[in-house]
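Residues per chain are reported as follows:
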Amino acid sequence: MKKALNLRINLINPPIGVDFGLQKGSGNNYTIIQKQRATTNDLIFEFSVLIKDDAEKKQPPKLSGDFVQGSSDKFVYIGIGAFVGQFDSAWSRRLKVPLTGITWEQVEQLYNNPDAVLETYVPGTGKDGSPNCATVKPFAGWLIKE
């Protein structure tokens, strides 16, 4: 049986004036949702993933759903600039937010508290001042927020 888990990505200090959005779907069959333009605030993306219940819990949780990308190392895409429809932007990129490190202990805590969410914080701006892109490195991981 699969259950839903609520996740939140906090995109910290993205470059002002650039649009960001969460990719729902994969390949050529996707849409961009929660499109937001960066101002002086951090951006927040909230979504759900499905987790396949494993009574023995010998393997890490298996995630799937409309937002989950990748065949082995799972991740979520945040589109940037022209990739999300901001065609006057100098940027056309995607940021890969890993779904690694989620534990069964965290999953159980979320099951027991429906108001809790699993969240992460990722930098919105790269070292050169442009929008952060490619895989988030180093990745801080996922924490429970009640």
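Model, not experiment: these values are computed from the prediction.

A separate point is the pattern of salt bridges. Going through the model one piece at a time under the given rule, you end up with four salt bridges. Arginine 8 is paired through a salt bridge with glutamate 46; the nearest N and O atoms lie 2.7 Å apart. Of this pair, arginine 8 sits in strand β1 (residues 2–12) while glutamate 46 sits in strand β4 (residues 43–52), placing them 38 residues apart in sequence. With relative accessibility at 19%, the residue arginine 8 sits in the buried group. Residue glutamate 46 is classed as partly exposed on the basis of its relative accessible area, which comes to 42%. Here arginine 8 ties to glutamate 119 by a salt bridge, and the two come within 3.0 Å at their closest N and O atoms.

Cis peptide bonds are those with omega within 30 degrees of zero, and the linkage from lysine 137 to proline 138 qualifies with -15°. For proline 138, the location among the structural elements is in the loop between β9 (134–135) and β10 (143–145). Here the phi dihedral of asparagine 13 falls at roughly 55°; this positive angle occurs in a residue that is not glycine. Note that asparagine 13 resides in the loop between β1 and β2 (19–26). Residue alanine 134 is not a glycine yet carries a positive backbone phi of 65°. Residue position: alanine 134 is located in strand β9. The partly exposed category is assigned to alanine 134, whose relative accessible area is 42%.

Moving on: the packing of aromatic side chains. A ring pair, where both rings are aromatic, is described by two values, the distance of the centres and the angle of the planes. Evaluation of the coordinates by the stated rule reveals four aromatic pairs. Both rings, one in tyrosine 30 and one in phenylalanine 83, keep their centres 5.7 Å apart while their planes meet at 0°; by these two values the pair is stacked. With tyrosine 30 in strand β3 (residues 29–37) and phenylalanine 83 in the loop between β6 (75–81) and β7 (92–98), this residue pair connects regions lying 53 residues apart in the sequence. With a centroid separation of 5.4 Å and 50° between ring planes, the pair formed by phenylalanine 47 and phenylalanine 67 is classed as tilted. Taken together, the positions of phenylalanine 47 in strand β4 and phenylalanine 67 in the loop between β5 (62–64) and β6 put the pair 20 residues apart, joining distant regions of the chain. Of the two residues examined, phenylalanine 47 and phenylalanine 67, each falls in the buried class. Taking NZ or CZ as reference, lysine 96 lies 4.3 Å from the ring centre of phenylalanine 75, over its face.

Conventions we followed
- Residues numbered from 1 in each chain as written.
- Predicted model: local features only at pLDDT ≥ 70, side-chain atom pairs only at ≥ 80, totals over all residues.
- Heavy atoms only, no water.
- Salt bridge = Lys/Arg side-chain N within 4 Å of Asp/Glu carboxyl O.
- Helix = DSSP H or I, 4+ residues; strand = E, 2+ residues; numbered from the N terminus.
- Buried < 20%, exposed > 50% of the residue type's maximum accessible area, 1.4 Å probe, protein only.
- Phe/Tyr/Trp six-rings, centres within 6.5 Å; stacked < 30°, edge-to-face > 60°.
- Lys NZ or Arg CZ within 6 Å of the ring centre and 35° of its normal.

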